[in-house]
Amino acid sequence: MRGVPRAGAAAGLLLAAALLLLPGPAEGLRDAATDALMRAMPRPAAERGAPPVLIVAAGEADLAALGPWPWPRARWAALVQLLAEAGAAAVAIDIAFIEPTPDDAMLSAALAGAPAVIGLVAGSAPPPPGFGSAVLGRPVLDDLPALPGVAPLAPTGAPGAALALPGSVVRAVPLLLRVDQASEAAPVLLPGLALGAGARAVGVATLVVRAAPARSVELGEAASLPLPAGGLLRLHPARPADGVPVLGAARLLAEPALAAAARGRIVLLGATAAAAAPLRPSVFGPFTPSLIVQAEAVAQLVAGWVPERIRGGARTEAAAALALALLAAALVRHRPGPGLAATLGLALLWIAGAAAALRTGPLLLDPAMPALGALLGGGVEAAALALRAARDRADLAARFA
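None of these values were measured; they are calculated from a predicted model. (Residues numbered from 1 in each chain as written. Predicted model: local features only at pLDDT ≥ 70, side-chain atom pairs only at ≥ 80, totals over all residues. Heavy atoms only, no water.)

**A short note on helix α5 (residues 104–112)**
Let me state the cut-off plainly: Burial classes: relative accessible area under 20% of the type maximum marks a residue as buried, over 50% as exposed, and values in between as partly exposed (1.4 Å probe, protein chains only). Helix and strand definitions follow DSSP, with helices as H or I runs of at least four residues and strands as E runs of at least two, each counted in order from the N terminus. The arc in question is traced by the directions running from the helix axis to the C-beta atoms. Note on contacts: a residue pair is in contact if any heavy atoms of the two residues lie within 4.5 Å.
What α5 keeps buried is the set Asp104, Leu107, Ser108, Ala110 and Leu111. Down the axis of α5, the buried set is contained in an arc of 165°. They therefore lie on one face. Exposed residues pointing more than 90 degrees away from the buried face of α5 are listed as Ala105, Ala109 and Ala112. Residues of α5 that are buried sit in contact with α4 (73–85), β2 (90–93) and β3 (116–120).

**Quick notes on the packing of aromatic side chains**
How two aromatic rings sit relative to each other is set out by the distance from centre to centre and by the angle between their planes. Our working definition: Two rings belonging to Phe, Tyr or Trp (six-membered ring only in the last case) form a pair when the distance between their centres is within 6.5 Å. Interplanar angles under 30 degrees mark stacking, angles over 60 mark edge-to-face geometry, and anything in between is tilted. The rule is short: NZ of Lys or CZ of Arg within 6 Å of the ring centre and within 35 degrees of the ring normal puts a charge over the ring.
According to the stated counting rule, one finds 3 aromatic pairs in the structure shown. Here the aromatic rings of tryptophan 69 and tryptophan 71 are separated by 6.2 Å at their centres, their planes lie at 40°, and the arrangement is tilted. When the centroid spacing of 5.5 Å and the interplanar angle of 35° are considered together, the rings of tryptophan 71 and tryptophan 76 count as tilted. Tryptophan 76 carries the same exposure label as tryptophan 71, and that label is buried. Three or more aromatic residues joined by ring pairs form one cluster here, namely Trp69, Trp71 and Trp76. For the cation-ring pair, arginine 75 lies above tryptophan 71, with the distance from its terminal atom to the ring centre recorded as 5.0 Å.

**A word on the pairing of strand β16 (residues 266–271)**
Heads up, the rule is: For two strands to be treated as a pair, DSSP must find at least two bridges joining them.
Judged by how many residues are buried, β16 sits mostly within the fold: 6 of 6 residues are covered. Of the two faces of β16, both are covered, the one formed by Ile266, Leu268 and Gly270 as well as the one formed by Val267, Leu269 and Ala271. Both strand β1 (residues 53–58) and β16 contribute to a ladder of 6 bridges, which runs parallel. When the sheet's bridge partners are listed, valine 53 is paired in β16 with isoleucine 266.

**Looking at the sheet that holds strand β13 (residues 223–226)**
To be explicit about the condition: Note on geometry: axes are C-alpha line fits, over the in-contact stretch for helices, and angles between N-to-C directions span 0 to 180 degrees.
Spatially, the 4 strands line up as an open sheet ordered β5-β11-β12-β13, and their pairing is mixed. Two strands close off the open sheet at either side, each with one partner strand: β5 (132–136) and β13. Each strand axis lies, on average, 25° off the axis of its neighbour in the sheet, ignoring direction. The pairing of strand β12 (residues 216–219) with β13 spans 4 bridges and is antiparallel. Paired with glutamate 218 across the bridge in β13 is serine 224. Running at roughly 35° to β12, helix α6 (residues 193–201) makes contact with β11 (206–210), β12 and β13 of the sheet.

**Quick word on the packing of α6 against helix α8 (residues 290–302)**
Keep this limit in mind: Roughly parallel refers to an angle under 35 degrees, roughly antiparallel to one over 145, roughly perpendicular to one between 65 and 115, and oblique to any angle outside these ranges. Rotating anticlockwise by less than a right angle from the far helix to the near helix defines a left-handed crossing, while the corresponding clockwise rotation defines a right-handed one. Ten residues, namely Ala, Val, Leu, Ile, Met, Phe, Trp, Tyr, Cys and Pro, are considered nonpolar, four, namely Asp, Glu, Lys and Arg, are considered charged, and the remaining ones, Gly among them, are considered polar.
Where α6 meets α8, the axes come as close as 8 Å, and the angle between the chain directions of the two elements is 50°. Taken together, the axes of α6 and α8 lie oblique to each other. Relative to α8, the crossing made by α6 is right-handed. Here Leu193, Ala194, Leu195 and Ala197 of α6 lie close against α8, whose contacting residues are Gln294, Ala297, Val298 and Leu301. Its residues assigned to classes, the contact of α6 with α8 shows 7 nonpolar, 1 polar and no charged.

What follows is the structure, encoded as structure tokens:
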């Protein structure tokens, strides 16, 4: 059966147009498919040895042992001091201390004596003195998440980093954000908590954003990380056995010798108890404390695991969906039976390619829509051929009736 596979081609064109003209639903399907692929292929484990990140958390048992939330700032000061004296590479606090308390001076002194970074939330004030930034070339910065300002903190002594977690389902954390102040000629760049923790761990006070050869952010000579579209780090869960370990804050205060586990590691300090921590749906589960999300993001950055979308993004994936639909339709048009088998093979081959790109890149390819393009093109073309054959049989029967 020769000829142009018009039905399959039309189906492929409609799918490609929908991917470009309806970005919201297409993005939702792509995210869900990528989540499934990441669950099937967890992030590679860190090299042998102690994990580079440690969580010290105020969990349910810790609140039961030491009292309800909020805890006094003196207790947080004691934790920061313990971790700093134990040789932690950095202490990142997933809490924004906004309301003044009598213990603020004690916490400020502990922060000043530690390689600490403290959380900031959106507000109207300029960011406090902390990390500097330098822009080399003309990198695009308009796509970075924007804040009007930040809420002033009660304690001082450490640079601040943003605690923002965008999305109804947390799939990414911001690496860099813009703080648009009317008094500034250019936006002020503010790191997210994960990037701020990494900068403190290597002793870098200035973040360098480069435009070429690709947009990146440098932490001195220690690391150069890609700066993905939107300035967002796509989270890729590890296997449960390779997750960031958690140490209870109450246990650490009761047994200070346990602080030795923090030596040389980036410590995330905060809360996981439901009464203290905001719980968000995320790629790690339906109720995830922000402390867990930030710690996993730090672990990814330390490993240099920064997934990026394929160049061209939705346009490239729409073109791939159309191409696979045309190829599948042509195979079905040529030989319907083997063509349908080849259609399924094309869809599976694309999914396997997306898995390989994630593992080796890490490069993010939409595992669903191009594969759907192959199935849609081949399936619609097969249906059109079957309909045409049925009509031909009906015409023939009518002639001999």
